[in-house]
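Here is what each chain is made of, one letter per residue.
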Amino acid sequence: MLFCFILLTVSLVTCLHGSGASACGANCTDKPVFTPSKLVVKYGDSASARCSVCQHACQASRFGLEIPVGVTIRNETTISWTVDRLTEWDTTLICYYDDDTTRGQCCSILLVTVYYPPDNVSISLAGHTGPMFEDHQYTLQCEVQHVAPVGHLTVTFYRGQTPLAQLQSNNTQERTPVSETFTVNITASKEDDGGQYWCEAKLDLGPEGPQPPPVVKSQNSLRLHYAKYAHGLLHENCADKPVFTPSKLVVKYGDSASARCSVCQHACQTSRFGLEIPVGVRTRNETTKSISWTVDRLTEWGITPFCYYNDDATGDQCGSFLPVIVYQPPDKVSISFASHTGQMLEDHQYTLQCEVQGVAPVGHLNVTFYRGQTPLEPQLQSNNTKEKKPVSETFTLNITASKEHDGGQYWCEAKLDLGPEGPQPPPVEKSLTINATVFYKPHLKGSSHSHSIIVTEGSPLQLNCSAVGNPSPSYTWTVPGHSSSNSNILTIDSVTSADKGQFICLARNNMGNVTVVFNVEVQVDYTIYIILAVVIAAVVCIIVATVVYMNYYKHHRMGKYNPKDVFRFSKQHSLVPTA
């Protein structure tokens, strides 16, 4: 796998440097040399290295150093690299030069190991709480959280100061921090009763790594207790069982706790009774045959007090367990898109992930995703019902992006529901919000893609092709006349018969396009023609009437008067008396 990674990296370099780099010879005699030859850096620390391009007088007119982060300084054929804070897990430096003689490329690769010591190491019994039984097999598990690279991790189990087993991770490819659980089987014996078990994680990075190697021990030790019985027989289903008050105990990690056990409810015949507890103090009351248990600060995750008595008549032992849930609300809740950053595409599926860190017990955790204030179905719950101590778990939900989601805010909520015995209301931790940017093709603001419009000649015309899209759409019009527009609205101040026809609007972005067709019919406005005809007709009528009148009066007038003289009557005539 490492060879494939190196080969891929070199291939990328050759692509970057063109044909001159196409023959990066792995067997060239004068290869670039890195100092140091191997680099081990703690995540977030500074780092530096130097490359001597060629050791002898090579003919190289072109050389360089490929780096993912940091800065380089060239000094003749030596290149120095420095980075103030290394936060890249996959860091590989490639030093190369183009050989002018062979026209090939010679290169060397410096692999950088970025490491991170474990955040936390803890030990527990897998799938078991309470006292253990002799000759039964149990599984110790050591969980190492957030360590890199896990392939260099060695875990050792101890009983007291005696090492029991040493294990190593098989995950040699992972470079980023992960959590891993190591297990070892043990068979309980009476000699182990009260013994303390713990584990140790050592990150051995070789001679180039930190010396001594980072070692983190489990924060807790596991003290194992075994159920005691007189004649080797434990009756858990006896009729007069010990009774705990309360019957179930829910305690926040680090808080105080107390309970009381009434050994038997009736007049049982017993001279031996007790309470098995890993921590705290117990107070016996011989008169009432009861035991009180108190602990000032409960810091044991897998704790199950065991109350018992030995029946004097039968010699059998009768006992009851007190279920104790030690809880811790989430340290942090965060939301992100899995394997995706940047814009989303319409109708594509994406995975939301909600990471809940440092919560116990995770089996009681409910996670809900939200968009805005709307919960997204379904509500998720962890399948890890056996884990008692704090763990980090990631919950995922698939969504299909749509235009309605553009600008939406996603967040998640983690609720630790511990039942009626737990805190009320249950502890709730919310994540911050992330904004979704969805790229989608244009959609018309109107519902119709085709319109028929009748407009009168001489009237204004406005065609609206508005669409919404992300990125914002551009507009192109195909029109019958010479008018055109590159906006969403096309305006013609005065329509003529030449504007009759099909107006086609294309709204588009890099996600797609949408077309709107406007069929425009231009009608002639006959009002002016009617008015003009009426005026002409009126004028014609007046002229005709005048001509008719003048001709008629000329043939029927009396005397020598001309009709036009009537208007000058007062000036041309005077009254003449007649006989």
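Because the structure is a prediction, the values reported are computed rather than measured.

Colleague: Is there a simple way to explain the side chain of S108 in this structure?
Modeller: For S108, the position within the fold is in strand β9 (residues 104–115). We classify S108 as buried; its relative accessible area is 10%. At a separation of 2.6 Å, a polar atom in the side chain of S108 contacts the main-chain carbonyl oxygen of P32. Residues contacting S108, with those up to four places away along its chain left out, are K31, P32, F34, L93, I94 and C95.

Colleague: Explain the sheet that holds strand β14 (residues 178–187) here, please?
Modeller: Whether parallel or antiparallel, the strands of a sheet pair through hydrogen bonds between backbone atoms. The three strands lie next to each other as β10-β11-β14, forming an open sheet whose pairing is antiparallel. Looking at the sheet topology across the chains shown, the edges are occupied by β10 (120–125) and β14. When the angles between neighbouring strand axes are averaged without regard to direction, this sheet yields 15 degrees. In terms of strand pairing, β10 meets strand β11 (residues 137–147) through six bridges, oriented antiparallel. Residue pairing across strands places I123 opposite C142, the latter belonging to β11.

Colleague: Explanation requested: the sheet that holds strand β4 (residues 47–52) in the structure shown.
Modeller: Ordered by their spatial adjacency, four strands build an open sheet running β2-β4-β7-β6, and the pairing between neighbours is antiparallel. Of all the strands in the sheet, just β2 (33–35) and β6 (71–75) have a single pairing partner and so form its edges. Ignoring strand direction, the axes of neighbouring strands in this sheet form an average angle of 20 degrees. Bridge count between β4 and strand β7 (residues 78–83): six bridges; the pairing is antiparallel. Residue C51 lies in a different strand from β7, and its bridge partner there is I79.

Colleague: Looking at this model, I keep getting lost on the state of the cysteines. Mind explaining?
Modeller: A covalent bond bridging the sulfur atoms of two cysteines is what the word disulfide describes. Counted according to the given criterion, the structure contains five disulfides. The disulfide bridge from C142 ends at C199, spanning 2.1 Å between sulfur atoms. Residues C142 and C199 are joined by a disulfide whose S-S torsion is about 75 degrees; by sign, that bridge is right-handed. With C142 in strand β11 and C199 in strand β15 (residues 196–203), this pair connects stretches of sequence that are 57 residues apart. Each member of the pair, C142 as well as C199, is classed as buried.

Conventions used here
Numbering of residues starts from 1 in every chain and runs along the sequence as written. Owing to the predicted nature of the model, reporting of local features is limited to residues with pLDDT of at least 70; listing and counting of side-chain atom pairs is limited to 80 or more, with chain, interface and lining totals taken over all residues. Side-chain figures throughout are based on the complete set of non-hydrogen atoms in the structure, without hydrogens or water. Here a helix means four or more residues in a row that DSSP labels H or I, a strand means two or more in a row labelled E, and each is numbered from the N terminus. Exposure categories follow from relative accessible area, calculated using a 1.4 Å probe and restricted to protein chains: below 20% of the type maximum is buried, above 50% is exposed, and the middle band is partly exposed. As used in this structure description, the phrase polar contact means that two N or O atoms lie within 3.5 Å; if the pair is within protein, one of them must be able to donate a hydrogen and the other to accept it, and residues adjacent in sequence are counted only when both atoms belong to side chains. Contact criterion: two residues are considered in contact whenever any of their non-hydrogen atoms come within 4.5 Å of each other. By this definition, two strands are paired if DSSP reports at least two bridges between them. Here an angle of 0 to 180 degrees is reported between the N-to-C directions of two axes, which are lines fitted to C-alpha atoms, with helices fitted over the stretch in contact. Note on terminology: pairs of cysteine sulfur atoms within 2.5 Å are recorded as disulfides.

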